[in-house]
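# Examining the three-dimensional arrangement
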Amino acid sequence: MDKIYFDNAATTYVRPEVLDIMLPFFSERYGNPSSIYEIARDSKKALEHAREQVAKALGAQPEEIFFTGSGTEADNWAIRGIADLYKNRGNHIITSSIEHHAVLHTCQYLDKNGFETTYLPVDGDGLISLEDLEKAIRPSTTLITIMTANNEIGTLQPVKEIGEIARKRGIAFHTDAVQAVGHVPIDVKAMNIDLLSLSAHKLYGPKGVGVLFVKKGVPLKPLIFGGGQERNRRAGTENVAGIVALGAAIELASGELGEESARLSKIRDKIIDGILSSIPHTRLNGSREKRLPNNVNISFQFIEGESLLLLLDMKGIYASSGSACTSGSLDPSHVLLAIGLPHETAHGSLRLTLGRGSTEEQADYLLQELPAIVSRLRDMSPLYEDYLKRKG
Amino acid sequence: MLYSEKVMDHFLNPRNVGEIEDASGTGTVGNVKCGDIMKVYLKISDDGTVEDAKFKTFGCGAAVATSSMATEMIKGKSIDEALRITNKAVMDALDGLPPIKVHCSCLAEEALHAALWDYAQRKGIIIEGLKPPVNDIGEHDEVMAY
Ligand SMILES: Cc1ncc(COP(=O)(O)O)c(C=O)c1O
């Protein structure tokens, strides 16, 4: 069997049809969109076409789309841009405790520089409570930033309702939709979104290109200073090839979204049900219903995630985990701790994220191989030994 | 991050996994918080030779591999020799570990020492140069099953 890539939340490949479209912009069509002669105009046109494609996919206007160097940059820009702009009006930001580090570390930086962030807790499914949100709002609150879909446990937040609350209170609302765009329907108008981040490499575009949507009329300080690109709001010669690819990729993803998400949810549910029913001492992390169609996250008690990943790798299955050993720190994933998992259960988590290459057969193969791998690790686990002894 | 071939070999084919029913000493070190727990069982003969060693480990690839290597190294050693098995020796025998995994090798040394300490306690003897283990099995008791 070919290698099975179950880590599409980490990144995706560039679709061949997208690669075909982007390649000429590295060679013949290399003009700088800021120049005035023909090949420059060609680049400029391609850039603006991509802007229209992205706008259409989000239900936005082209002039509300700003290209960035990554999803991380879009998050940094949205948060710092709003916080900085309104710092005389207020210094309070509201976010959640399960955001991506691109958001969390930006807020933590601001906390050290005169701002104050409230990190809303989440329930066992990873959902914030709208009541908590309302209660957290102060006269000094200038920004609410809550992610659309969580990258580890796939939980979908009530974005529309959050946006409604923010709008009623006159507070800017940003959402990190990096894991959501191309996977679940997004309409910035209907969902009351003021600012939204996305990234090309999660939807079959290349790495190193992202977008910040900024609703018309929402002012924002620049993060990067220099030339007059992106209507003076984001300096730096545009990554034309990457942007063109993002435009093509997002258009394709939007067109296929309904069908693809139905296909993936079916495989997702097969894996979730298969694991929970065949392997004891397991639990699903994240909400069963309010969940990305391509996300599976399961904790296996008494075992550690990295060992699990290494053994899956030996079987040709690529996945990820929230264990400390795979995060490069001593603590397991902040998301898994925030939903209330004890440390050892957080260390034993497995994230499988599906994509265009995923099939039912791959799910069958995983379900066939996994039980023996888990048993093998449990047999060498002192925690499992203790458990068996206590059980008697 | 890249593991050496030796580490992968000891992870995939760990030596000495298991328990010793009538162990002369056992030691458990590490904590669930950072995701590594090692338990070592030693069988020590009357003349003070480590006859057998087994382990159980909850942890990453490096933790399993160092447990496997450390138990291999201690077998057949006198207590004095056993005390001289350092984390560096275990790591060298595995052709090194990635920098963020070096703490796993410390755990292996600590686990051996903890088992030797337990042996000394049970025998009522003092082993020159052996310090009591730092017991940091934090939340261990909280492990709940579902
Ligand atoms: C939720 C979320 N936000 C932000 C990012 C960062 O995006 P990028 O890799 O383009 O910087 C990621 C991707 O890792 C993500 O999953």
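Before any of the text, the structure's been laid out above.
Note that the structure is a prediction, hence the values are computed from the model and not measured. Residue positions within a chain follow its written sequence, with the count starting from 1. Lettering of chains starts at A and numbering of ligands starts at 1, both following the order in which they are written. Restriction of local features to residues with pLDDT of at least 70 applies here, the model being predicted, together with a cutoff of 80 or more for giving and counting side-chain atom pairs; totals for whole chains, interfaces and linings are based on all residues. Note: side-chain values were computed over all heavy atoms of the structure, leaving out hydrogens and water.

### So, the sheet that holds strand E7 (residues 195-199) of chain A
Residue and element names in this part refer to chain A. Across the sheet, which stays open at both edges, the seven strands sit in the order E2-E8-E7-E6-E5-E3-E4 with mixed pairing between neighbours. For this open sheet the edge positions go to strand E2 (65-68) and strand E4 (116-120), each flanked by a neighbour on one side alone. Shown here is a sheet whose adjacent strand axes are inclined to one another by a mean of 20 degrees, direction ignored. Bridge count between E2 and strand E8 (residues 210-214): four bridges; the pairing is antiparallel. By the bridge assignment for E8, Phe 67 is matched with Val 211. Residue contacts are counted whenever heavy atoms from the two residues lie within 4.5 Å of one another. Between the N-to-C directions of two axes lies an angle of 0 to 180 degrees, each axis being a line fitted to C-alpha atoms and, for a helix, fitted only over the stretch in contact. Strands are runs of DSSP state E lasting at least 2 residues, helices are runs of H or I lasting at least 4, and numbering of each runs from the N terminus. Relative to E2, helix H2 (residues 38-58) is tilted by about 115 degrees, and along the sheet it contacts E2, E7 and E8. Each of E2, strand E3 (92-96), strand E5 (141-145), strand E6 (172-176), E7 and E8 touches helix H3 (residues 71-85); the most contacted strand, E7, lies at about 160 degrees to it. Criterion used throughout: strands pair if DSSP finds at least two bridges between them.

### Brief notes about the site of the ligand
Residues and elements named next belong to chain A. Proximity is defined per residue: if any heavy atom of the residue lies within 4 Å of a molecule or strand, that residue is considered near it. The full set close to the ligand counts 13 residues, and Thr 72, Asp 176, Gln 179, Ser 199 and Lys 202 are the nearest of them. Within the contact set of the ligand, an oxygen atom lies 2.8 Å away from a backbone nitrogen or oxygen of Gly 71. What qualifies as a polar contact is a pair of N or O atoms within 3.5 Å, subject to a donor-acceptor requirement within protein and to the restriction that residues adjacent in sequence count only when both atoms come from side chains. Thr 72 has a polar side-chain atom sitting 2.5 Å from an oxygen atom of the ligand. Here the accessible surface of atoms and residues is derived via Shrake-Rupley with a 1.4 Å probe, and residues count as covered only by protein chains that are part of the display. In the complex, 87% of the free accessible area of the ligand, which totals 400 Å², lies under the protein chains. A per-element tally of the shell around the ligand places H3 first, with three residues. We call Asp, Glu, Lys and Arg charged. Ala, Val, Leu, Ile, Met, Phe, Trp, Tyr, Cys and Pro are nonpolar, and the rest, Gly among them, are polar. Of the residues contributing to the shell around the ligand, the split by class is two nonpolar, eight polar and three charged.

### Focus on the interface of chain B and chain A
Taken together, the 33 residues of chain B in the interface contact 34 residues of chain A. Summed over both partners, the accessible area (1.4 Å probe) lost when two parts come together is defined as the buried area. Here chain B packs against chain A, burying approximately 2800 Å² in sum over the two surfaces, 61% of which is carbon and sulfur. A side-chain nitrogen of Lys or Arg and a carboxyl oxygen of Asp or Glu constitute a salt bridge if their distance falls within 4 Å. Between the two partners, chain B and chain A, sit four salt bridges. The shortest N-O distance in the salt bridge between Glu306(A) and Lys101(B) comes to 2.6 Å. Counting the contacts that link chain B with chain A gives 11 residue pairs in polar contact (both at pLDDT 80 or more).

### Describing the packing of aromatic side chains
Describing an aromatic ring pair means giving the distance of the ring centres and the angle of the ring planes. All names here are of chain A. Aromatic pairs are defined between Phe, Tyr and Trp rings, using the six-membered ring for Trp, whenever the two ring centres lie within 6.5 Å; interplanar angles under 30 degrees are classed as stacked, those over 60 as edge-to-face, and all others as tilted. Following the criterion strictly, the structure yields five aromatic pairs over all chains and no others. A ring pair is formed by Phe 66 and Trp 77, whose centres lie 5.9 Å apart and whose planes are at 80 degrees; its orientation type is edge-to-face. Note that Phe 66 is positioned in strand E2 and Trp 77 in helix H3, a separation of 11 residues in sequence. Each member of the aromatic cluster is reached from another via a ring pair, and the members are Phe 302, Tyr 384 and Tyr 387. As a reminder, the over-ring test applies to NZ of lysine and CZ of arginine, requiring each to be within 6 Å of the ring centre and within 35 degrees of the ring normal. A cation over an aromatic ring shows up here: Arg 89 above the ring of Tyr 86, its NZ or CZ 4.5 Å from the ring centre. One Lys or Arg, Arg 356, reaches over the ring of Tyr 204 and ends 5.7 Å from the middle of that ring.

From the geometry alone we can't say anything about function, so treat these as descriptive.
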